[in-house]
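Here are the chains, one letter per residue:
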Amino acid sequence: MLEFKNLHIGYKKVLFEVKDLTLNSGQLVSVIGKNGTGKTTFLNTILGINKPLQGTVKVSDRNIQELKRNELVTLFSHVSSKFDGVNYLSVYDLIAMGRAPYTNMLNQLREVDREIINSVIEKLNLTKLKDYSTSQISDGERQIAIIGKALAQQTKIIILDEPTAFLDYTNRRKVIKLLKEIAVEQDKLILISTHNIDLCIECSDLIIAVDDTKKSIILYQDKMDKSHLIEEVFGN
């Protein structure tokens, strides 16, 4: 589904390379590494925001750099580390923003859009909160609501940059396990950048670790010893 070939990511200089990698639907993939190693740049390159210095990113055999904005928003949804919704908007209206790529110029919702929104709300157990303002709910609930916006967009790939950065451990675990469940049940490819090593090991199908010394990546597909992973990735 998502294919990388001889990819060099960075700005004026290469942060790291991804020589040959394919990611498939139904997977939760975690990207880890030290601060400043290029995790966000990597995600932004996938989203088509940053141009690769070299190589290609393809989604379903289509080069990301050749796709138009209106095509990208039907392929990728994105959740940033900070709340990127609108304060005082209701939970329902926040999730409804995910339907924007499919509505008319006035953003009028069709019946099919409402069905999708209500389905997402039910899936995420947000029914009791749907009329609440986003300023009235907890940080964990607000982050789940913004994930709901991404789900309502109905893309096959969801990319999240530090989605649990400002949550306590209980809500971090809840969000990561929810993402794993969605990846499997809805056959989506979900990529997250995170520093939560414990939850990565527990829930990820694949861990992409950035080695800032070799400017390359290390792939972990099996459950591994946490201390070994920390030493290999963060010990330099």
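Here, residues in each chain are numbered from 1, in the same order as that chain's written sequence. For a predicted model such as this one, the threshold for reporting local features is a pLDDT of at least 70, and the threshold for listing and counting side-chain atom pairs is 80 or more; totals across whole chains, interfaces and linings nevertheless cover every residue. Based on all heavy atoms of the structure, the side-chain values leave hydrogens and waters out of the count.

**Student:** What am I meant to see in the overall build of the chain here?
**Tutor:** Only DSSP runs of H or I covering at least 4 residues are called helices, and only runs of E covering at least 2 are called strands; the numbering of each starts at the N terminus. Within the chain, the secondary structure is distributed over 8 helices and 10 strands. Taking 2.2 N^0.38 as the reference for a compact globule, 236 residues should give roughly 18 Å; the C-alpha atoms of the chain span a radius of gyration of 18 Å, in line with that estimate. Structurally, the chain occupies a C-alpha span of about 50 × 40 × 30 Å along its principal axes. The buried label goes to any residue with under 20% of its type's maximum accessible area, the exposed label to any with over 50%, and the partly exposed label to all in between, with areas taken from a 1.4 Å probe on protein chains only. Residue burial in the chain is summarised as follows: out of 236 residues, 50% are buried. Within the chain, contacts between residues separated by at least 24 positions form 69% of all contacts whose residues are at least 6 apart in sequence. Carbon and sulfur atoms form 47% of the exposed surface of the chain, whose accessible area is close to 11,800 Å². Every radius of gyration here is taken over C-alpha atoms, with the globule rule written as 2.2 Å times N^0.38, N being the number of residues. Should any heavy atoms of two residues lie within 4.5 Å, those residues are considered in contact. Note on areas: these come from Shrake-Rupley sampling with a 1.4 Å probe, and a residue is covered only by the protein chains present in the view.

**Student:** Help me understand the nonpolar core, please; the structure alone is not making it clear to me.
**Tutor:** General note: in soluble globular proteins, nonpolar side chains tend to be found buried as a group. Counting residues in each nonpolar core, the largest one holds 34 residues, and the members touching the most others are Ile-95, Leu-124, Leu-126, Leu-160, Leu-179 and Ile-190. Looking at this core, the elements with two or more residues in it are helix H3 (91-96), helix H4 (111-123), helix H5 (139-152), strand S7 (157-161), helix H6 (169-185), strand S8 (189-193) and helix H7 (197-203). Top contributing element to this core by residue count: H5, with 7 residues. When residues no more than four places from it in sequence are discounted, the contact partners of Ile-190 are Gln-27, Leu-28, Val-29, Ile-158, Leu-160, Leu-179, Ile-182 and Ala-183. With 29 residues, the next largest nonpolar core counts Leu-7, Ile-46, Ile-157 and Ile-217 among its residues. Throughout this description, the term nonpolar core refers to a set of buried Ala, Val, Leu, Ile, Met, Phe, Trp, Tyr and Cys residues connected via side-chain atoms within 4.5 Å.

**Student:** I keep staring at helix H1 (residues 39-46) and nothing clicks. Help me out?
**Tutor:** The α-helix advances 3.6 residues per turn, and as a result positions three or four apart in sequence lie on the same side. With 7 of 8 residues buried, H1 is to be regarded as a mostly interior element. Listed as buried for H1 are Lys-39, Thr-41, Phe-42, Leu-43, Asn-44, Thr-45 and Ile-46. Backbone geometry just downstream of H1 places Gly-48 in the positive-phi region, at approximately 85 degrees.

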